[in-house]
Structures are given as C-alpha cells and as structure tokens.
Amino acid sequence: QVQLVESGGGLVQAGDSLRLSCTTSGHTFSSYAMGWFRQAPGKEREFVVGISSNGVDTRYADSVQGRFTISRDNAKNTVYLQLNSLKPEDTSVYYCAARRIRAEFFTGIAYTSVKQYDYWGQGTQVTVSS
C-alpha cells in the first residue's frame, strides 16, 4: 500500500524559509509523478507545484513561482518542497500527492490537478506570521 508522510511544517515569520519533505513507501517511487497542494481553512485544496516521475518537468502555481522549489530524490523515495520568502497568505496545510505513471510516454509530465493524483499524505501545517 502506498503511503506518503509529510514533515517539516511549522510556525515562521514572513520572509523566512522552510523545507517540507514527503517520504513515501509501498511503491516504486520513480514510477510516480509527485505534487504538493495546500488547503487553507474554508478554501478548496489548491495546486502548488508538481514534478514529473523522471524529474525533468516541473510546474508551479503563479503564486509561488520564484519562491518555492520542488525536487525529488528517487534513492530516498522522497520529494522536497523548499519554501522561501514566505508570506502570511502561504499559511495552509500542505499535502503531498502521488500519481502512478503507467507508460513511458508520461514520465516527463508534471500534473497540476487534484483529480490527477492517486494517493495523498495527511498534510503538514505551515503558518506564517506577519
């Protein structure tokens, strides 16, 4: 069974940085595209960033472009999200997600929609104070 566990969240001040980690198990990590989403209270879950299974393609939400960076370490079955220049509006629960890639053709594609992902972690809280 595929499991995703996020860590690294916390309470920081505006302008600070955090690094989130998502460690996975129960599957061949390199066969999965990965993504990060976030959800604030009373709002829908929104896309933050995605990375293809081969790590070549990345997609970012406009709101985080230039501030957040996704990376993956297939040897450690882990995907990272570096959050820099944090703003109060970045306050959310951040979720890691995985999509199984079933054909070689799709290994270079990063996905951006909630509906495109098969597995989800429990989330980690990021709170940014002003």
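First, a word on scope: everything that follows refers to the structure included in this document.

About the thresholds
Residues numbered from 1 in each chain as written. Predicted model: local features only at pLDDT ≥ 70, side-chain atom pairs only at ≥ 80, totals over all residues. Heavy atoms only, no water. Helix = DSSP H or I, 4+ residues; strand = E, 2+ residues; numbered from the N terminus. Rg over C-alpha atoms; globule rule 2.2 N^0.38 Å. Contact = heavy atoms within 4.5 Å. Buried < 20%, exposed > 50% of the residue type's maximum accessible area, 1.4 Å probe, protein only. Phe/Tyr/Trp six-rings, centres within 6.5 Å; stacked < 30°, edge-to-face > 60°. Lys NZ or Arg CZ within 6 Å of the ring centre and 35° of its normal. Salt bridge = Lys/Arg side-chain N within 4 Å of Asp/Glu carboxyl O.

Of the regular secondary structure elements, the chain holds zero helices and eleven strands. Mapped from its N terminus to its C terminus, the chain presents α and β elements in the order β-β-β-β-β-β-β-β-β-β-β. The C-alpha atoms of the chain give a radius of gyration of 14 Å, which matches the 14 Å a tight globule of 130 residues would have. By principal-axis analysis of the C-alpha atoms, the chain measures approximately 45 × 30 × 25 Å. Within the chain, residue pairs in contact and separated by at least 24 positions form 62% of the contacts whose partners lie at least 6 positions apart.

What follows concerns unusual backbone geometry. Phi angles above zero are rare outside glycine, and Asn77 is one such case at about 55 degrees. By the secondary structure assignment, Asn77 is in the loop between β7 (68-73) and β8 (78-83). Here the phi dihedral of Ser85 falls at roughly 50 degrees; this positive angle occurs in a residue that is not glycine. Looking at where Ser85 falls in the secondary structure, it is placed in the loop between β8 and β9 (92-100). A relative accessible area of 40% places Ser85 in the partly exposed class.

With that settled, the discussion passes to the packing of aromatic side chains. This structure, assessed with the given rule, holds six aromatic pairs. With a centroid separation of 6.3 Å and an interplanar angle of 55 degrees, the aromatic rings of Tyr32 and Tyr119 are classed as tilted. In this pair, Tyr32 is assigned in strand β4 (residues 32-39) and Tyr119 in strand β10 (residues 119-120), connecting sequence segments 87 residues apart. One aromatic cluster is present, formed by Phe37, Phe47, Tyr117 and Trp120 through successive ring pairs. Positioned above the aromatic ring of Tyr95 is the side chain of Arg45, whose terminal nitrogen or guanidinium carbon lies 3.6 Å from the ring centre. The side chain of Arg72 reaches across the aromatic face of Phe29, ending 4.4 Å from its centre.

Another point: the pattern of salt bridges. Under the counting rule described, the total for this entry stands at four salt bridges. Residue Glu46 is joined to Arg38 by a salt bridge in which the shortest nitrogen-to-oxygen separation is 2.6 Å. Judged by its relative accessible area of 37%, Glu46 is partly exposed. A salt bridge links Asp90 to Arg38; its shortest N-O distance comes to 2.9 Å. With Asp90 in the loop between β8 and β9 and Arg38 in strand β4, this pair connects stretches of sequence that are 52 residues apart. When sorted by exposure, Asp90 lands in the same class as Arg38, which is buried. Among the ionic contacts, a cluster of salt bridges with common partners joins Arg38, Glu46, Arg67 and Asp90.

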